[in-house]
Amino acid sequence: MVTLKPHDVVLALKLKCNDAGHTKLSTSYLAESLKLSRGEISKSINRLGQLEFIRISEENGARHHHVLTQNLVGFLVNSIRYVFKPEPLGVLRGIPTSFSYEKLPSDIVPRELPLVWATPRGVVTGEAVEPLYPGVPHAAEKDPSLYQILALVAALRAGEPRETKEAKQLLSMIIRCY
């Protein structure tokens, strides 16, 4: 049995953000940008392939990864909240997430205390929620497109019903644009 790990989801999203450009991302680049080892990136890609979140093909000796968008979106909107339920971490400094992230197009009224991913580089004090894995704040800060999607995933995982409903709609729309 293959077991999905939280960072596998982030890697699939990173690959999806890059799908439109059709640029091959090196294992070294993915490892550095996601704060994972090269070996863990390789294992993660294999798990994603076995679980049918990506299709792996070889061409001229190079491996290519194509994200199976329908499978990934289906998992995110229907299951991630239950499979990777976040733990509240208290009030800490961090970077905004969920609908506290100002670059999400939304009519949702901001919470009194914003949701954040705790990080020493954080500029906002808020209610910290556990990210999918510890490297999420780093990965989000390095890639604005990934940040937007990960903030929506945080809303799916930790949001109130109205936030979750809007996050499902926005995520489905945004992720299909890549």
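The structure under discussion appears in the preceding block.
In this text the structure is predicted, and so the values were computed from the model without any measurement. (Residues numbered from 1 in each chain as written. Predicted model: local features only at pLDDT ≥ 70, side-chain atom pairs only at ≥ 80, totals over all residues. Heavy atoms only, no water.)

A word on empty space enclosed by the protein. Applying the stated criterion across every chain, the model contains 2 cavities of 30 Å³ or more. In terms of lining residues, the largest cavity is bounded by Ser98, Phe99, Ser100, Ile108, Val109, Pro110, Arg111, Leu115 and Glu163. Within the lining of the largest cavity, the residues separate by chemical class into 5 nonpolar, 2 polar and 2 charged. In this structure, the second largest cavity occupies an estimated 40 Å³ of space. Taken together, Trp117, Pro131, Leu132, Val136, Leu150, Val153, Ala154 and Arg157 make up the full set of residues lining the second largest cavity. The greatest single-element share of the lining of the second largest cavity, amounting to 4 residues, is contributed by helix α7 (residues 144-158). Residue composition of the lining of the second largest cavity, by class: 7 nonpolar, no polar and 1 charged. (1 Å grid on protein atoms, 1.4 Å probe; cavity = no way out; pocket = protein on both sides within 12 Å on 5 of 7 lines; lining within 4 Å. Points joined across faces, edges and corners; volume = space filled by probe spheres on them. Nonpolar A, V, L, I, M, F, W, Y, C, P; charged D, E, K, R; others polar. Helix = DSSP H or I, 4+ residues; strand = E, 2+ residues; numbered from the N terminus.)

For the coordinates displayed, the defined rule picks out 3 aromatic pairs. Between phenylalanine 53 and phenylalanine 75, the ring centres sit 5.5 Å apart and the planes meet at 65°, which makes this aromatic pair edge-to-face. With phenylalanine 53 in the loop between α3 (38-50) and β1 (54-59) and phenylalanine 75 in helix α4 (residues 69-78), the pair connects residues that are 22 residues apart, well separated along the chain. Here the two residues phenylalanine 53 and phenylalanine 75 agree in accessibility, since each one is buried. Aromatic side chains tyrosine 101 and tyrosine 147 sit 3.8 Å apart centroid to centroid with 10° between the ring planes, which places their arrangement in the stacked category. Placement of tyrosine 101 in the loop between β3 (88-96) and β4 (115-118) and of tyrosine 147 in helix α7 is noted, with a sequence separation of 46 residues between them. You can call tyrosine 101 buried: its relative accessible area is 6%. By way of ring pairs, the aromatic residues Tyr101, Trp117 and Tyr147 are connected into one cluster. (Phe/Tyr/Trp six-rings, centres within 6.5 Å; stacked < 30°, edge-to-face > 60°. Buried < 20%, exposed > 50% of the residue type's maximum accessible area, 1.4 Å probe, protein only.)

Attention shifts here to the pairing of β1. Where β1 meets strand β2 (residues 62-67), 6 bridges bridge the pair, whose relative direction is antiparallel. Looking at β2, one finds that isoleucine 56 is bridged to histidine 65. Linkage of β1 to β2, two consecutive antiparallel strands, is achieved through a turn of 2 residues, within which asparagine 60 is found at a positive phi near 55°. (Pairing = 2+ DSSP bridges.)

Time to look at the nonpolar core. Formed by 54 residues in total, the largest nonpolar core has its most connected members in Val9, Leu13, Leu34, Leu76, Ile80 and Trp117. At the level of elements, α1 (6-19), α2 (27-34), α3, α4, β4, α6 (136-142), α7 and α8 (161-176) are the ones that each hand at least two residues to this core. Broken down by element, this core gets its largest block of residues, 10 residues, from α7. Those residues in contact with valine 9 that lie beyond four places of it in its chain are Leu4, Phe75, Leu76, Ile80, Phe84 and Leu132. (Core = buried A, V, L, I, M, F, W, Y, C linked by side-chain atoms within 4.5 Å. Contact = heavy atoms within 4.5 Å.)

Turning our eyes to something else, we now look at the packing of α7 against α8. The geometry of α7 relative to α8 is characterised by a closest axis approach of 8 Å and an angle of 150° between their N-to-C directions. When the axis of α7 is compared with that of α8, the two are roughly antiparallel. In terms of crossing hand, the pair formed by α7 and α8 is left-handed. Here α7 contributes Gln148, Ile149, Leu152, Ala155 and Leu156 to the contact with α8, which in turn contributes Glu163, Thr164, Ala167, Lys168, Leu170, Leu171, Ile174 and Ile175. The residue inventory of the contact of α7 with α8, partitioned by class, reads 9 nonpolar, 2 polar and 2 charged. (Axes fitted to C-alpha atoms, helices over the stretch in contact; angles between N-to-C directions. Parallel < 35°, antiparallel > 145°, perpendicular 65-115°, else oblique. Left-handed = near helix turned anticlockwise from the far one by under 90°.)

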